[in-house]
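Fold and contact review
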Amino acid sequence: ETGLITLDPGYGNTGSCRSAITFIDGEQGILRYRGIPIEQFDAAPNFVEVAWLLIFGHLPSPEEYDTFAADLTGCANLDEGMKHHFEGFPRTAPPMAILSAMINALSCFHPEIFELQDKDSVRIAAAGLISKIRTIAAYAYRHSKGLPYIYPDPKLRYVPNFLHMMFSQPYEHHVCEPIVRDALNLILLLHADHEQNCSTSTVRMVGSSQANLFASCAAGVCALWGPLHGGANVAVLEMLEQIHQGQMTPDDYVRLAKDKDSKVRLMGFGHRVYRNFDPRARMLAKIAEQLLPQLGVKDPLLDIARRLEEIALEDPYFVERQLYPNVDFYSGIILRAIGIPVSMFTVIFAIGRLPGWIAHWWEQEQTPGNKIARPRQIYIGPPETDRVQLSERR
Ligand code: SDX
C-alpha cells in the first residue's frame, strides 16, 4: 500500500506518498529506519548493514550481509573509460557537479540497470552504485589536487577503502584508525534516509517517469547540493570560520540571523519537520565531544558551535519558531577532525543518502499502478488575451 496518494481531491496527486522505509515524529524528535530507532545504530555502526535494511526492509542475515559486502568489494572499480571524463573537468570543478555527472554517466557503462525487475538485479545495481559513488568521489578529490587516482583495495571494507582512495599515495597506504572507521560509518548511516526530504522526493519524482535508477539518483545529487539542504554542512563550517576569524562574535551572528533584512540564517539550525531536536544532531554532538579528544584534535569551531547552540536555545526568536540544531550543525566538525576537506562535506552527505534514494526508488518501482508524479498548480496569471502583432506593438 505504498506509493503516491491523493491528499487534495481537487488537485490529483500532490506528490505526498505512503512509504514503509523511514518514520519521523517531528514533535518528539523520533527517527526510525524500518522501525528501528536511529539511536540503536551507534554500537558497532555499520553503514552497509543499514543500506541493506533500508533497501530490502530487514536487517541482513549473515549470509545476506556477506553477499552484499562481496558485491560492494567486487564492483568498486570504474570502467577505465570513465577516467577520461574526470580529465575534462577543471581542477576547480565543484565535486557535487562531478558526482551528479558521473553517476549519470555510469548508466552508459551499465545497460543492465534499464531492466531492474527483481531483488537480485536491484541488489547488484545498488551495490554497484553504493560502491562506485566512493570511487567517483575519491577520484573527483584526487583530480582537484592533481594527484594520481588510487584504485580500490579489495582487502578493505567500505569506509577504509574510501579513505584509502582519498588519501593513500602510490608509495604509502592510508591507515584507517578503528575510531575513524566507526565515526564515518556512523555519519554515513545517520544520513542514509530521511523520508520525503527535497532530494529523496526528487529521486521519486524522476523515477516515477520510469527513468533509470542512476539517472534518478543523479537528480537527487543536484537537489542535495543546495545550501538549504545538503549544502548546509559546508555553510555551517563557513559560518563557524567567519566567527572564529573574529569577524563577529557568536552573539553578533545570532543577532544577524534573527534580522530578516540580513538574509543571514543560523546554518545547521531549523528543520521543516523537526519541532524538537533532530535526533541525528544529538548523536553527532556526542560523537564530536568524544572523537576530537580521542584524536587529540582541539577544534575552536566546536566551542563556537556549542556557544551558538547555547545562545539560540535560550533566545525567544528560536524558541518560538522551534528552531533546533539539525543534522548539519555538528557533522562538519567531525568530518574536519577525520581529515575530510570541506569541499567534500556535501559529497559525504550524498554517499550516506544514496541507500535511502535507492530504497525509495525501488519502493516506488514495486508499487502496483504507480503513476508518474504530476503536481498540480493554482493558476494566478492573466485572463485570456489576444496576441498583438509585432508591427503594432509599442
Ligand atoms: C537538511 O527535509 C529534510 O529532512 C532535510 C534533511 C535531510 O536529512 O534530508 O534533514 C537535511 O536539509 C537539514 C536542513 C539543512 N539546512 C539548514 O541548516 C539551513 C538553515 N535552515 C533554514 O534555512 C531552515 O530552517 C530550513 C530550510 C531547514 C527549513 O526551513 P522552513 O521549514 O521552510 O522554515 P521557514 O524557512 O519557513 O522558517 C520559519 C521561520 C522563518 O521566520 P518567520 O518568517 O516565521 O519570522 O523560522 C525562521 C524563518 O526566517 N528560520 C530561521 C532559520 N530557519 C528558519 N531563522 C534563522 N536561522 C535559521 N536557520
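The rules behind these values
Each chain has its residues counted from 1, following the order in which its sequence is written. Side-chain atom pairs in this predicted model are given and counted only at pLDDT of 80 or more, local residue features only at pLDDT of at least 70, and totals for whole chains, interfaces and linings cover all residues. Excluding hydrogens and water, the side-chain values take into account all heavy atoms of the structure. UniProt positions are given in the numbering used here, feature names are shortened, and annotations may be inferred rather than shown by experiment. Think of it this way: any DSSP run of H or I at least four residues long counts as a helix, any run of E at least two long counts as a strand, and we number them from the N terminus. We compute the radius of gyration from the C-alpha atoms alone; for a globule the expected value is 2.2 Å times N to the 0.38, where N is the number of residues. Each residue is placed in one exposure class: buried if its accessible area under a 1.4 Å probe, protein chains only, is under 20% of its type's maximum, exposed if it is over 50%, and partly exposed if it falls in between. A contact between two residues is defined here by any heavy atoms of the two lying within 4.5 Å. Computed with the Shrake-Rupley method and a 1.4 Å probe, the accessible areas treat only the protein chains shown as cover for residues. Side-chain rings of Phe, Tyr and Trp, where Trp is taken by its six-membered ring, are said to pair if the distance between their centres is within 6.5 Å; with planes under 30 degrees apart they count as stacked, over 60 as edge-to-face, and otherwise as tilted. Definition used: whenever NZ (Lys) or CZ (Arg) falls within 6 Å of the ring centre and also within 35 degrees of the ring normal, the charge is taken to sit over that ring. Throughout this document, a residue counts as near a molecule or strand when at least one of its heavy atoms sits within 4 Å of that molecule or strand. We define a polar contact as two N or O atoms separated by no more than 3.5 Å, with the added condition that, inside protein, one atom must be a possible hydrogen donor and the other a possible acceptor, whereas residues neighbouring each other in sequence contribute only through side-chain atom pairs. Here, axes are lines fitted to C-alpha atoms. For helices the fit covers the stretch in contact, and angles between N-to-C directions go from 0 to 180 degrees. Between 65 and 115 degrees an angle is taken as roughly perpendicular, under 35 as roughly parallel, over 145 as roughly antiparallel, and anywhere else as oblique. For any helix crossing, the convention is left-handed if the near helix is rotated counterclockwise from the far helix by under a right angle, and right-handed if that rotation is clockwise. Polar here means any residue outside two lists: the nonpolar Ala, Val, Leu, Ile, Met, Phe, Trp, Tyr, Cys and Pro, and the charged Asp, Glu, Lys and Arg; Gly therefore counts as polar. Space inside and on the surface of the protein is sampled on a 1 Å grid over the protein atoms alone, with a cavity defined as a set of points where a 1.4 Å probe fits but cannot get out and a pocket as an open set with protein on both sides within 12 Å along at least 5 of 7 lines; lining residues have an atom within 4 Å of a point. Pairing between strands requires that DSSP locate at least two bridges from one strand to the other. Put simply, a nonpolar core is a bunch of buried Ala, Val, Leu, Ile, Met, Phe, Trp, Tyr and Cys residues held in one set by side-chain atoms that sit within 4.5 Å of each other.

Within an unreviewed UniProt entry, the label attached to the protein reads Citrate synthase, and the organism entered is Thiocapsa marina 5811. UniProt annotates the protein under Catalytic activity (unreviewed entry) with the comment "oxaloacetate + acetyl-CoA + H2O = citrate + CoA + H(+)".

1. What about the overall build of the protein?
For the protein, the count of helices and strands is 16 helices and five strands. Whereas a compact globule of 394 residues would reach a radius of gyration of roughly 21 Å, the protein reaches 22 Å, a difference of no more than 12%. Burial analysis of the protein (394 residues in total) assigns 52% to the buried set. Within the protein, contacts between residues separated by at least 24 positions form 72% of all contacts whose residues are at least 6 apart in sequence. For the protein, the exposed surface amounts to about 18600 Å²; the carbon and sulfur share of it is 53%.

2. Here's the deal with the packing of aromatic side chains
This model, assessed by the stated rule, comprises 13 aromatic pairs. With centroids separated by 4.5 Å and ring planes inclined at 20 degrees, the aromatic side chains of Tyr139 and Tyr149 adopt a geometry described as stacked. Residue Tyr139 is located in helix 5 (residues 119-145), and its partner Tyr149 is located in the loop between helix 5 and helix 6 (158-167); the two are separated by ten residues in the primary sequence. Through a chain of ring-to-ring contacts, three or more aromatic side chains come together here, namely Phe269, Tyr317, Phe318, Phe329 and Tyr330. Over the ring of Phe56 we find Lys119; its NZ or CZ atom is 5.2 Å from the centre of that ring. Across from the ring centre of Tyr158, 4.2 Å away, lies the NZ or CZ of Arg134, which sits over that ring.

3. Describing the site of the ligand
The immediate surroundings of the ligand are formed by 23 residues, with His194, His271, Arg272, Arg280 and Arg353 found nearest. The separation between an oxygen atom of the ligand and a polar side-chain atom of Lys260 is 3.3 Å. At 2.8 Å, a side-chain N or O of Arg265 approaches an oxygen atom of the ligand. Relative to its free-state accessible area of 1000 Å², the ligand is covered by the protein chains to the extent of 78%.

4. Side note on the packing of helix 7 (residues 178-190) against helix 16 (residues 345-366)
Packing of helix 7 against helix 16 brings their axes to within 7 Å, and their N-to-C directions diverge by 70 degrees. Classified by the angle their axes make, helix 7 and helix 16 are roughly perpendicular. Between helix 7 and helix 16 lies a crossing whose hand is right-handed. Facing helix 7, whose interface residues are Leu184, Ile187 and Leu188, helix 16 presents Ile348, Ile351 and Gly352. In terms of residue class, the contact of helix 7 with helix 16 is built from five nonpolar, one polar and no charged.

5. Side note on the UniProt feature "active site" (unreviewed entry) in the protein
Residues annotated in UniProt with the feature "active site" (unreviewed entry) correspond here to His271 and Asp328. Look at the named residues: they lie 58 residues apart in sequence, but the longest C-alpha span between them is just 10.5 Å, so in the fold they bunch up. Residues that both appear in the annotated list above and line the largest pocket are His271 and Asp328. If you trace the backbone, His271 turns up in the loop between helix 11 (250-258) and helix 12 (279-295). Residue classification places His271 among the partly exposed residues on the basis of a relative accessible area of 24%.

6. Here we look at the sheet that holds strand 4 (residues 30-33)
Pairing in this open sheet of three strands is antiparallel, and the strands run 3-4-5 from one edge to the other. Looking along the sheet, the strands with just one partner apiece sit at the ends: strand 3 (22-25) and strand 5 (36-37). Of the strand pairs in this sheet, strand 4 and strand 5 are connected by two bridges, and their pairing is antiparallel. Within strand 5, the position partnered with Tyr33 by the bridge is Ile36.

7. So, the nonpolar core
Of all hydrophobic cores here, the largest spans 124 residues; its most connected members are Ile103, Ile130, Tyr158, Phe162, Leu184 and Met239. Considering every element that reaches this core, the biggest residue donor is helix 5, with 13 residues. When neighbours within four sequence positions are excluded, Met239 is seen to be in contact with Tyr253, Arg265, Leu266, Met267, Leu308 and Phe329.

8. Regarding unusual backbone geometry
Of note, Glu195 is a non-glycine position whose phi angle comes to about 45 degrees, a positive value. Looking at where Glu195 falls in the secondary structure, it is placed in the loop between helix 7 and helix 8 (198-207). Despite not being glycine, Lys263 has its phi angle at roughly 60 degrees, a positive value. In this fold, Lys263 is placed in the loop between helix 11 and helix 12.

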